[in-house]
Structure formats: C-alpha cells, structure tokens
Amino acid sequence: MLILVINPGSTSTKIAVYEDEQPILLRSIRHTIEELDRFPRIVDQMDFRRDLVVDELRRMGVKCRFDAIIGRGGLAKPVSGGVYEVNRQMCLDMYHAQRQHVCNLGCIIAYELASKIPGCKSYIADPVVVDEMEDVARISGSPLMPRVPVWHALNQKAVGRRFARENGQHYEDLNLIICHLGGGISIAAHRKGRAVDANNGLDGEGPFSPERAGSLPPADLIRLCYSGKYTQEELLKRIAGQAGLKAHLGTTDVQQIISNIEAGDKTAELLIDAMIYQTAKCIAAEGAVFCGDVDAILITGGMAHSEYITSRLRRRISFLAPVHIYPGEDEMQALALNALAVLRGQREAKQYV
C-alpha cells in the first residue's frame, strides 16, 4: 500500500510517502514569512501549499499513484476519535472554521489531490478537536463557557496504542494518563480507549508551556481586557504565542533555557520548575477521574527529550502509577499507520457529517 501523508505547519509543509509501514520519502518544504504574508487568511494558502507538494513529489520522481492520502486534521467541529474519510462538508467546515490554524489545510489538500487519482481516498485521523469527554467533565462554573478539549489527540492516542502493544495489551483495555509536552501542554485521561477528560491546551487551560499561558486568574484577565492597553488580537497572543516561557524569558528554546539554568540562571530555574509543578498537578488531578485506578502515566512530546524535565516530573507523579517516557512526536508515522489500518480493514473509516 502506498500512502501520502501531508502535515501543514506554521512555516513548513511536511510530506511523507509510506510503503506499508516503511517511509520511503520524508520531506519538509519550508516557507518564508514573505511567502506566507502574501495571503490575507490561512485558507488562502491552500493552492500555494498544494502546488508545492505536487512539485516536490514530481522533483523526487514519485508518481501520484497512491492508495490513500491522509492529512492532518483541523479545528472544525468536535468529533470522536478515529479515522475519517474526507468529504466536501469537512472541507467547507475547515474553510469557515472559527479557529483559523494552518492544520485546517491538511484535509483540504488531501481531498483535492486524492480526487485526481482513481481509487484513492483521503482521510484524517484523531484531529485536535477530538471530544470524547464525559458530560460531567464538560461543566464549568459558567453556563456560557462549557469546557471544550483542544489537545494533541493524534500523538497521545498513537503513544497509548504503542505502550499497549509493547506490553502485550490493548489500548482499549487500559486506564492511561497521557501528557504531551510541546509548545503547548495537553493532558488527557484515556479510559478504555476514550479520552474522557482533556484540557484545552490551545485557548488557555492547564499548565503554562513554552508559548501558552495556561489557566489564568479570570478576574485579572477581564480587567486587562478593559484596561484599554491592548487590542483583542494582542491579548489573544498573550494566551497563545507570546505567553508562557516566551513571555517570561523571551524564548521558547527549552534546551537553551536549561543550559542557562546549569550556568546558574535562578530565574530560568524557577520558571521551568513552576511549569513542571503545574504540569504535575494537572496530571495528578486526572488520577481522580479514575479514582486512582491508573495503569500507567505516559509522557511524550518534544520536551520529553529533556531529562531535567522528565526526572523532576517523575518525582512528583510516580506515586500515582508507573511513568513511561516517549520522547518526541511522530505525527507522520501516526497518520500513515492510521491510513494503513483502514486500507487493511483493521479499522473502519468514520463518516463526517
């Protein structure tokens, strides 16, 4: 089976070609700020990015005879976890999504390319808006603002399945707390294959991270909104983008921050330890979802490469369950394996309505 994977990012479009489980091509097409600034909206980049994908495949001598094309899922309406066949309705929803993010382009590009290949279908898998929460988890203190998860569903579920496979078990039989440590931090309680509780790591819920503010004192935030000092756009960036470690230290380079700590920077040490402290509290809180019956805690994402962070995190949470570290994130492989499972009849593609 030949599978094309498309993963649009803020300054690049990653593509991969898999032959069954094996990658035979991995490329990251870089985009300059000047190239992207030509487009008023993110969705206006679609033709530009699609044509670059086609040109790169042609340049590498890859013929477009794919059995499936799978793209990164976007920020449309909430769905349950799984693989979804892309249809016109999904593409329309991405064009008009309330939250504009470049990941919204993944399914659109996949759909357009697949439509030109006989017998080829397009898919997405476990987008960031996967919502499997129990009703009790949706309630906040205001009926105007129910809790909505936005989290690293693709990587978390892939890591959960990997852990289960490595231990001769099934993801659907386990109670797992999985924490993704990236530019944003998301933490979810996975009960028997469903993420029954997860934070909104994009819009400001949970621990602060390299570029996101996490949960903030709400009254202070409201006062700031009416202070007249900031526009709406500026304040939103102080929630995600110009927040977290970026706001405190001027950088999101965690490796450099830890180097500064080792050189004696006490401010950097306090901030990293505070991020670890908040993350540990949120992980431990998910233990209440299972009444303490947790099979394992899995730590993944880019910051999981840091022994400084994972050792201190492990010290705070290992009382709850065994802790396992899965550094990094391989979204390309996760997407390819989801598509392959559908092609082999091991998983059924869901219909988006």
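Since the structure is predicted, the reported quantities are computational estimates derived from the model, not experimental observations. (Residues numbered from 1 in each chain as written. Predicted model: local features only at pLDDT ≥ 70, side-chain atom pairs only at ≥ 80, totals over all residues. Heavy atoms only, no water.)

(A) Representation of the pattern of salt bridges in the model. This model, assessed by the stated rule, comprises 22 salt bridges. In this structure, the salt-bridge partner of R58 is D55, at a minimum N-O distance of 3.1 Å. One end of the pair is R58 and the other is D55, both in helix 2 (residues 46–59) and three residues apart, which spans about a single turn. Residue classification places R58 among the exposed positions, given a relative accessible area of 56%. The salt bridge involving D135 is made with R138; its shortest N-O contact spans 3.8 Å. Of this pair, D135 and R138 both sit in helix 5 (residues 135–138), separated by three residues, roughly a single helical turn. By relative accessible area, D135 is classed as exposed at 61%. (Salt bridge = Lys/Arg side-chain N within 4 Å of Asp/Glu carboxyl O. Helix = DSSP H or I, 4+ residues; strand = E, 2+ residues; numbered from the N terminus. Buried < 20%, exposed > 50% of the residue type's maximum accessible area, 1.4 Å probe, protein only.)

(B) Structural view of the nonpolar core. I272, I283, I297, I299 and I309 are the most contacted members of the largest nonpolar core, which totals 33 residues. Elements with a minimum of two residues in this core: strand 7 (175–181), strand 8 (185–191), helix 10 (254–262), helix 11 (266–287), strand 10 (296–301) and helix 12 (307–317). In terms of residue count, helix 11 provides more of this core than any other element does, seven residues in total. Once you skip the residues sitting within four places of it in the chain, I309 turns out to touch L181, V254, I258, I272, M275, I276 and M303. (Core = buried A, V, L, I, M, F, W, Y, C linked by side-chain atoms within 4.5 Å. Contact = heavy atoms within 4.5 Å.)

(C) Quick peek at the pairing of strand 11 (residues 323–327). By the bridge criterion, five bridges tie strand 10 to strand 11 in an arrangement that is parallel. When the bridges of strand 11 are listed, I297 appears paired with V323. One crossover worth recording links strand 10 to the parallel strand 11 by way of helix 12, and it is right-handed. (Pairing = 2+ DSSP bridges. Right-handed = clockwise from strand over helix to strand, strands pointing away.)

(D) The packing of aromatic side chains, seen in detail. What the rule picks out here adds up to one aromatic pair. Note on F39 and F48: the rings are 5.5 Å apart at their centroids and 40° apart in plane angle, and the pair reads as tilted. The ring of Y352 carries the charged tip of K77 above its face, separated from the ring centre by 4.8 Å. In this structure, R312 packs its charged tip against the face of Y308, placed 3.6 Å from the ring centre. (Phe/Tyr/Trp six-rings, centres within 6.5 Å; stacked < 30°, edge-to-face > 60°. Lys NZ or Arg CZ within 6 Å of the ring centre and 35° of its normal.)

(E) How the structure looks around the pairing of strand 6 (residues 121–125). Counting buried positions over the five residues of strand 6 gives four, a clear majority of the element. Inspection of the sheet shows strand 4 (residues 68–71) paired to strand 6 by three bridges, in the parallel sense. In the strand pairing of strand 6, A68 is matched with K121. For strand 5 (residues 83–85) and strand 6, the ladder comprises three bridges, and the chain directions are antiparallel.

(F) Just the sheet that holds strand 3 (residues 22–30), in detail. On the basis of which strands lie adjacent, the open sheet formed by seven strands has the order 3-2-1-4-6-5-12 and mixed pairing. Here the strands that pair on one side only, and so sit at the sheet edges, are strand 3 and strand 12 (350–351). In the packing of helix 2 onto the sheet, contacts are made with strand 1 (2–8), strand 2 (12–19) and strand 3, and the angle to strand 2 comes to roughly 45°. (Axes fitted to C-alpha atoms, helices over the stretch in contact; angles between N-to-C directions.)

(G) Broad picture of the side chain of N338. By secondary structure assignment, the location of N338 is in helix 13 (residues 331–343). N338 gets classed as buried once you look at its relative accessible area, which sits at 5%. A distance of 2.3 Å separates the side chain of N338 from the side chain of R347, its partner in a polar contact. Setting aside residues no more than four positions away along its own chain, N338 makes contact with I70, V83, A125, D126, L154, R161 and R347. (Polar contact = N/O pair within 3.5 Å; in protein donor to acceptor, adjacent residues only side chain to side chain.)

(H) View of the sheet that holds strand 7. Pairing is mixed in the open sheet, where five strands are placed in the order 9-8-7-10-11. Every interior strand has two partners, whereas the edge strands, strand 9 (194–198) and strand 11, have only one. The average angle at which neighbouring strand axes cross in this sheet is 25°, direction not considered. Against the sheet, helix 6 (residues 153–166) touches strand 7, strand 8, strand 9, strand 10 and strand 11, its axis set at about 130° to strand 10. Of the strands in this sheet, strand 7, strand 8, strand 9 and strand 10 touch helix 11, which is tilted by about 15° from strand 8.

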